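Each chain, written out:
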Amino acid sequence: MDGLRRDAARNRDRILIAARELAGRGNELALNTVARAADVGVGTVYRHFATVEELEEVVVWDRFEELDRALNQGGPDRFDRALAEHVALLTTDPLFEKVTARSDAVLPQTASKRAALIESLTDVLEEAQSDGRVRAGVDAVSVLLLACGIAHAIRSAGLAPDSDAAQQLLEIILRGLRP
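Residues numbered from 1 in each chain as written. Predicted model: local features only at pLDDT ≥ 70, side-chain atom pairs only at ≥ 80, totals over all residues. Heavy atoms only, no water.

Looking now at helix α10 (residues 164-177). With 14 residues, α10 should reach 20 Å at 1.5 Å per residue; the first-to-last C-alpha distance of 20 Å fits that figure. Buried within α10 are the following residues: Ala166, Leu170, Ile173, Leu174 and Leu177. Within α10, the buried residues cover an arc of 100° as seen down the axis, which keeps them to one side. Along α10, the residues that are exposed and aim more than 90 degrees away from the buried face are Asp164, Gln168 and Arg175. The inward-facing, buried residues of α10 abut α6 (78-92) and α9 (140-156). (Helix = DSSP H or I, 4+ residues; strand = E, 2+ residues; numbered from the N terminus. Expected span 1.5 Å × (residues − 1). Buried < 20%, exposed > 50% of the residue type's maximum accessible area, 1.4 Å probe, protein only. Arc of directions from axis to C-beta. Contact = heavy atoms within 4.5 Å.)

So, about the environment of Ala88. You can see Ala88 is positioned in helix α6. Ala88 gets classed as partly exposed once you look at its relative accessible area, which sits at 26%. For the pair Ala88 and Ile150, spaced 62 residues apart in the sequence, the C-alpha separation amounts to 9.8 Å.

Confidence along the protein chain averages 91 in pLDDT terms, with 98% of residues attaining 70 or more. Ranking the elements of the protein chain by mean pLDDT puts helix α7 (residues 94-101) last with 88 and helix α4 (residues 52-59) first with 96. (pLDDT = per-residue confidence, 0-100.)

Let's shift gears to the environment of Leu174. When you line up the elements, Leu174 lands in helix α10. C-alpha separation for the pair Leu174 and Ala101, spaced 73 residues apart in sequence, amounts to 20 Å.

Two side chains with opposite charge may pair up if their charged atoms get near one another. This structure, assessed with the given rule, holds 15 salt bridges. Among the salt bridges present, the one from Asp7 reaches Arg5, with a minimum N-O distance of 2.9 Å. Of the charged contacts in the structure, one is a salt bridge between Asp77 and Arg81, with a shortest N-O distance of 2.9 Å. Using a relative accessible area of 35% as the deciding quantity, one classes Asp77 as partly exposed. Exposure remark for Arg81: the relative accessible area of 26% places this residue in the partly exposed category. Here the salt bridges do not stand alone but share partners, grouping Glu28, Glu56, Glu57, Lys98 and Arg102 into one network. (Salt bridge = Lys/Arg side-chain N within 4 Å of Asp/Glu carboxyl O.)

A few words now on the packing of α6 against α7. In the contact formed by α6 and α7, the axes pass within 4 Å of each other and the chain directions differ by 110°. By the angle between their axes, α6 is roughly perpendicular relative to α7. For the pair formed by α6 and α7, the contact residues are His86, Leu89, Leu90, Thr91 and Thr92 on the first element and Pro94, Phe96, Glu97 and Thr100 on the second. Residues belonging to the contact of α6 with α7 are distributed by class as follows: four nonpolar, four polar and one charged. (Axes fitted to C-alpha atoms, helices over the stretch in contact; angles between N-to-C directions. Parallel < 35°, antiparallel > 145°, perpendicular 65-115°, else oblique. Nonpolar A, V, L, I, M, F, W, Y, C, P; charged D, E, K, R; others polar.)

If you want it as structure tokens, here you go:
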């Protein structure tokens, strides 16, 4: 992190590592809990993250980058692959779903990442629409909402993202998007 003393940067890294581990185990992030897990004082956590929402957003920034890589892979089935990867990310990382489903980001960096995601998805979507693989009138925000919904359904049903049942649900969504 630019501008942080080494000890402050180390503490921030410890906080993020602890938050990722807690979120990975399905625990809700609370700043006191994260402080205990990171072995730092709660005041240290508050110096880096004023709210739980800020911490949640920073924890999932790398997911935006993963999704961006999926959107930028070429090929005629790019939209289908990107949607499948997006659903898999959302299914395996409920915190990413929570952050991306928010109507407004807390941090400007998150808003920027989300805007870039929507812009990339719009490009991929328009390409699929011009090739006749996705119906006209579907926009990127609607696709993001569908991805969040299907991921929530897959996770709620206890399905693995690569299971036959989960793939069938994804295929139903894709068929509904076809012309």
